[in-house]
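Coordinate analysis (summary)
Here's the letter readout for the chains.
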Amino acid sequence: MKAIRRFTVRPVLPEPLRPLSDLARNLRWSWHAETRELFRSVDPERWDGDPVRLLGGVSPGRLAELAGDPGFLQRLTAVADDLRAYVGGARWYQEQSGDLPAAVAYFSPEFGITAALPQYSGGLGILAGDHLKAASDLGVPLVGVGLLYRHGYFRQSLSRDGWQQEHYPVLDPHELPLTQVEEADGTPARVVLALPGGRSLRARIWLAQVGRVPLLMLDSDVEENDLGERGVTDRLYGGSSEHRLLQEMLLGMGGVRAVRTYCRLTGHPEPEVFHTNEGHAGFLGLERIAELCGTGLDFDAALEAVRAGTVFTTHTPVAAGIDRFDRELVARHFGPQAELPRLDVERILRLGTETYPGGRPDLFNMAVMGLRLGQRANGVSLLHGKVSREMFAGLWPGFAPEEVPITSVTNGVHAPTWVAPEVFRLGARQIGDRRAEEALTVGDIDRWDSVADIADQDIWDLRRCLREQLVQEVRRRLRASWRQRGAGSAELGWIDGVLDPDVLTIGFARRVPSYKRLTLMLRDRDRLTGLLLHPERPVQVVVAGKAHPADEGGKRLIQQLVRFADDPRVRHRIVFLPDYGMGLAEKLYPGCDIWLNNPLRPLEACGTSGMKAALNGCLNLSVLDGWWDEWFQPDFGWAVPTADDAGTDPDRRDDMEADALYDLLEQRVAPRFYERGHSGLPDRWIEMVRRTLSLLGPKVLAGRMVREYVERLYEPAARAHRAMTPAAARDLAAWKARVREAWPDVTVDHVEASAATDTAELGTTLGLRVRVGLGGLGPEDVDVQAVSGRVDSEDRITDARSVPLKPSGGPDQDGRRMYEGPLSLDRTGPYGYTVRILPAHPRLASGAELGLVAVPSDDVVDAAGVLMR
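Please read these numbers as outputs of a predicted model, since none were measured by experiment.

Below, the discussion takes up the overall build of the chain. A tally of regular secondary structure across the chain gives 29 helices and 28 strands. Expected size for 869 residues packed as a compact globule is a radius of gyration near 29 Å; at 29 Å, the chain falls within 12% of this value. Each principal axis of the C-alpha atoms in the chain carries an extent, and together these give about 95 × 70 × 50 Å. Taken over 869 residues, the chain has a buried fraction of 58%. Intrachain contacts of the chain at a sequence separation of at least 6 include 73% that bridge at least 24 residues.

Structure follows, in structure tokens:
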């Protein structure tokens, strides 16, 4: 008979073992080797990487034995003391000076902390998890906010013919490393959202303690909800458009309410900065506007106060990847009969309206709202920042894409999570455990330089050891996969010969949207087969990845790859492993020699899997996209040439880039791996491994990333938040309204230039005089600038530089003003300048913030000879 309900009966820990419970409930164990080893020793046969599950199944007899074991108790005390010191001691953040925020709230729809808490689908969630872990290591007072999905993301298996199968196991929060947040009287803490028709959406709050960082997770599966509302947090990225809208309202608005509840109950400092990781949590800004309107501010003033302390990170390089909802659907969920009844629904809708050319006014765009609600925004690599500025330039009409106020902070990965223990031990042998740990968390470059002192033989032995571990893991998983596909034991003897620990091993693992091109390697199957079966320089390939359940095209790509890998001629050299997740990734990254990445450029926002591989001495072979475009050097990897011409036929492009990939593997990568120097070792390959570790290591760290967020975004946002008092918010809102009203009358009426010589030579200084009309504004409201630089064939200024011009005297009888200033001709070649007027206020983060600019009319340009050649 089938049980109607499932739960775990946990043993009562003997008093000496009580610290085990605290250690299991703090997810620091997921990246702290000593804690994991302690739990492994509790019951080595039952240990599967989940301390909560382990303690739920250990026998009372074994617990009694451990409670009387002095050696175990000594280790337990040391690990528990270490956790207390880690949580309570000063770290990097506490040693900084400046206006650092008292707390930062970090919102994300998914978090990849550990396989034991499966609340992630791919890179966005893993990045969010690494952000929390790195913040904990650095002492940054972060509060994470997400949803608790009862089915998480799907588990993947394969049918006999290689088609992806999805499974949604039910997760019981009581069996996860979570604690329910409770009110002072012991009742579960709740957040409530109002829904149309008088209904309510209630959610309880679960706490996952990630080192020093609390992660609050909202769960709508509570008895007080109707069946539909109970299912709001059923699964990640599933359901109808309205289902997704409710998830995002709960994440954003319910998340703010959860943070307020947690701070009230625990005394945790209230966040001064709110960081939304992608647009899914954008409604948090509306909730904060409503809070401020409740204190007496009007909508415009509240909007300015909220913007000051909000950071928005976009991860999406294509418009199709952004959540967009029907405008009427959003309108139905706000207003007098639903949520935020005191806010004007039309004002809410305006925040998400696509006002740029080609935008659809009938849709509500979450990324557009995120940009309008966040005074500071960033992409996740230098190239992605550029792509984002071009993608959203329509929100700042009149400005060149390079001036769009979206910066970039390149992603990083949490090294203590992703570096294999064997790699850490090799580094610690050189510089000691403590210094090695600090190098992985903070990123001291000098300590990474110590890799140069590691002997070639030690590096090569390490690489073979990791490769051999991967071979054993692949065989185990491949056998389990074939069993799920219906194969019997008698059919699977060949698996014992799959992969070879002495063969060049290539890894490719990621989500499977079409732009990542899972099957690019299959463009010429005969050529790939030749690489796999080369008699002297063979390669072997390990592939993993999930397609979204609704992505039939992605599933077909997986099936194509699986069918090729099933061929008896090559199946010992290429494998597809289903159910890609953190558990597989932790084995895959260290065990590969080459990490392959071949997306359509520039559609990879960052692509952190190659970073994790690099931290283990794996070399990258990648298209110049995302982070690789930024940091690639021939010293430590290879760049796959791309055909970026927009006119290139997609099939032709894939053929060209696949040919380039085959050429690299045949002519450069495989020969480099197999050639031997005088020592009998692949000296040049080992040197590339060494350079990967020493040069890339400190760059790809999540610690570096979080320090950049603190210094470049969190600290300025905290200062702006503190300065934005109610009076300052009202003043700024009124000033913006006045500027917008007056701007149609702001004009550049006349431009003239004088020079000491008649020729434009390098070093010449022009004297500019500009006559402007400011309408009802004063000189304190604007910046008048000369913008100069080289010009292209269409007379567009490139690599522009701006210098301020200063007012000379008061207004003339027509109310016009003169501005003057020097312009130095400091570059040779085709050169040009123009003049523009921007709004100026000390509380603006950028001159482009309002999207307003005045430039000379065509008549003024023709009269002034503004362009010089």
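Picking up after the structure, the text goes on.
Another point: the nonpolar core. If you look at the biggest cluster of nonpolar residues, it comprises 105 residues, and the most contacted ones within it are Leu 504, Met 521, Ile 594, Leu 621, Trp 638 and Trp 685. When neighbours within four sequence positions are excluded, Leu 504 is seen to be in contact with Pro 538, Val 539, Gln 540, Asp 593, Ile 594, Val 669, Ala 670, Phe 673, Tyr 674 and Trp 685. Listed in part, the 98 residues of the second largest apolar core include Met 724, Val 739, Leu 768 and Ile 837.

Between two cysteines, a covalent bond joining their sulfur atoms is known as a disulfide. Taken as a whole and assessed by the stated rule, the structure comprises zero disulfides. As a non-bridged cysteine, Cys 592 has Cys 618 as the owner of its nearest cysteine sulfur, 5.6 Å distant. Judged by relative accessible area, Cys 592 falls into the buried class, the value being 0%.

Bringing the packing of aromatic side chains into the picture now. In total, this model carries 20 aromatic pairs according to the counting rule given. Each ring, one from Phe 283 and one from Phe 334, has its centre 5.6 Å from the other, and the planes form 40 degrees; the classification is tilted. In this pair, Phe 283 sits in the loop between β9 (273–277) and α9 (284–293) while Phe 334 sits in the loop between α11 (327–332) and α12 (345–351), placing the two residues 51 residues apart along the sequence. Judged by its relative accessible area of 5%, Phe 334 is buried.

The linkage connecting Arg 601 with the following residue, Pro 602, adopts the cis geometry, with an omega of 5 degrees. The residue Pro 602 is located in the loop between β18 (594–597) and α23 (609–614) in this model. A positive phi angle is found at Tyr 237, which is not glycine, with a value near 55 degrees. Among the structural elements, Tyr 237 can be located in the loop between α7 (227–230) and α8 (241–266). What makes Tyr 237 buried here is its relative accessible area of 17%. Look at Glu 278: it is not a glycine, yet its phi comes out positive at around 75 degrees.

The complete set of buried residues in helix α16 (residues 421–431) reads Glu 422, Val 423, Leu 426, Ala 428 and Ile 431. Once α16 ends, the next one or two residues include Gly 432, with phi positive near 95 degrees.

As a further point, take the sheet that holds strand β15 (residues 504–509). Overall, parallel pairing links the six strands, which are arranged β17-β16-β15-β18-β19-β20 in an open sheet. Lying at the two open borders of the sheet, with one neighbouring strand each, are β17 (574–577) and β20 (637–640). With direction set aside, neighbouring strand axes in the sheet form an average angle of 20 degrees. Two strands pair when backbone bridges link them, and β15 and strand β16 (residues 539–544) are joined in this way by six bridges, in the parallel orientation. By the bridge assignment for β16, Ile 506 is matched with Val 541. Its contacts with the sheet place helix α26 (residues 683–696) against β15, β18, β19 (619–623) and β20, and it is angled at close to 80 degrees to β19.

For the rest of this paragraph, the subject is the pattern of salt bridges. Two side chains with opposite charge may pair up if their charged atoms get near one another. Summed over all chains, the structure comprises 72 salt bridges. In this structure, Arg 260 engages Glu 291 in a salt bridge whose closest nitrogen and oxygen atoms are separated by 2.8 Å. You can see Arg 260 sitting in helix α8 and its partner Glu 291 sitting in helix α9, a full 31 residues away along the chain. On the basis of relative accessible area, Glu 291 is assigned to the partly exposed category, the value being 28%. Where Asp 663 meets Arg 527, a salt bridge forms, and the shortest distance between an N and an O atom there is 2.3 Å. Here Asp 663 is found in helix α25 (residues 650–674), whereas its partner Arg 527 is found in helix α20 (residues 525–532), with 136 residues between them in sequence. For Arg 527, a relative accessible area of 22% gives the class partly exposed. Each of Arg 150, Arg 204, Asp 219, Asp 221 and Arg 230 takes part in one network of salt bridges that share partners.

Let us look at the side chain of Asn 411. On the secondary structure map, Asn 411 appears in the loop between β14 (407–408) and α15 (415–418). In this structure Asn 411 comes out as buried when scored by relative accessible area, which is 4%. Other than its neighbours up to four places away in sequence, Asn 411 contacts Leu 127, His 315, Val 380, Cys 606, Thr 608, Met 611, Arg 704 and Met 705.

Inspection of the secondary structure puts Pro 16 in the segment before α1 (19–25). Judged by relative accessible area, which is 40%, Pro 16 ranks as partly exposed. Considered as a pair, Pro 16 and Leu 73 are 57 residues apart in the sequence and their alpha carbons are 7.4 Å apart.

For a regular strand, side-chain orientation follows a simple rule: the groups alternate between the two sheet faces. What you see with β18 is no split at all: Ile 594 and Leu 596 on one side and Trp 595 and Asn 597 on the other are buried throughout. As paired elements, β18 and β19 share four bridges and run parallel to each other. If you follow Asn 597 over to β19, its bridge partner there is Ser 622. In terms of handedness, the path from β18 via α23 over to β19 forms a crossover that is right-handed.

What follows deals with the environment of Leu 195. Relative to the assigned elements, Leu 195 resides in the loop between β6 (190–194) and β7 (200–210). Separated by 139 residues in sequence, Leu 195 and Phe 334 have C-alpha atoms that sit 8.2 Å apart. What Leu 195 contacts, discounting residues up to four positions off in sequence, is Ser 200, Leu 201, Glu 229, Leu 246, Gln 337 and Ala 338.

Moving on, we come to the packing of α16 against helix α19 (residues 456–484). When two helices pack together, their arrangement is given by the angle between their axes and by how far apart the axes lie. For the pair α16 and α19, interaxial distance at closest approach is 10 Å and the crossing angle is 165 degrees. Considering their axes alone, α16 and α19 lie roughly antiparallel with respect to each other. Once α16 is placed against α19, the crossing between them reads as right-handed. Within the contact between the two elements, α16 uses Glu 422, Val 423, Leu 426 and Arg 429 and α19 uses Asp 458, Leu 462, Cys 465, Leu 466 and Gln 469. Looking at the contact of α16 with α19, its residues break down into five nonpolar, one polar and three charged.

So, how was this worked out
- Residues numbered from 1 in each chain as written.
- Predicted model: local features only at pLDDT ≥ 70, side-chain atom pairs only at ≥ 80, totals over all residues.
- Heavy atoms only, no water.
- Helix = DSSP H or I, 4+ residues; strand = E, 2+ residues; numbered from the N terminus.
- Rg over C-alpha atoms; globule rule 2.2 N^0.38 Å.
- Buried < 20%, exposed > 50% of the residue type's maximum accessible area, 1.4 Å probe, protein only.
- Contact = heavy atoms within 4.5 Å.
- Core = buried A, V, L, I, M, F, W, Y, C linked by side-chain atoms within 4.5 Å.
- Disulfide = S-S within 2.5 Å.
- Phe/Tyr/Trp six-rings, centres within 6.5 Å; stacked < 30°, edge-to-face > 60°.
- Pairing = 2+ DSSP bridges.
- Axes fitted to C-alpha atoms, helices over the stretch in contact; angles between N-to-C directions.
- Salt bridge = Lys/Arg side-chain N within 4 Å of Asp/Glu carboxyl O.
- Right-handed = clockwise from strand over helix to strand, strands pointing away.
- Parallel < 35°, antiparallel > 145°, perpendicular 65-115°, else oblique.
- Left-handed = near helix turned anticlockwise from the far one by under 90°.
- Nonpolar A, V, L, I, M, F, W, Y, C, P; charged D, E, K, R; others polar.

Purely geometric stuff here, so don't read any function into it on its own.
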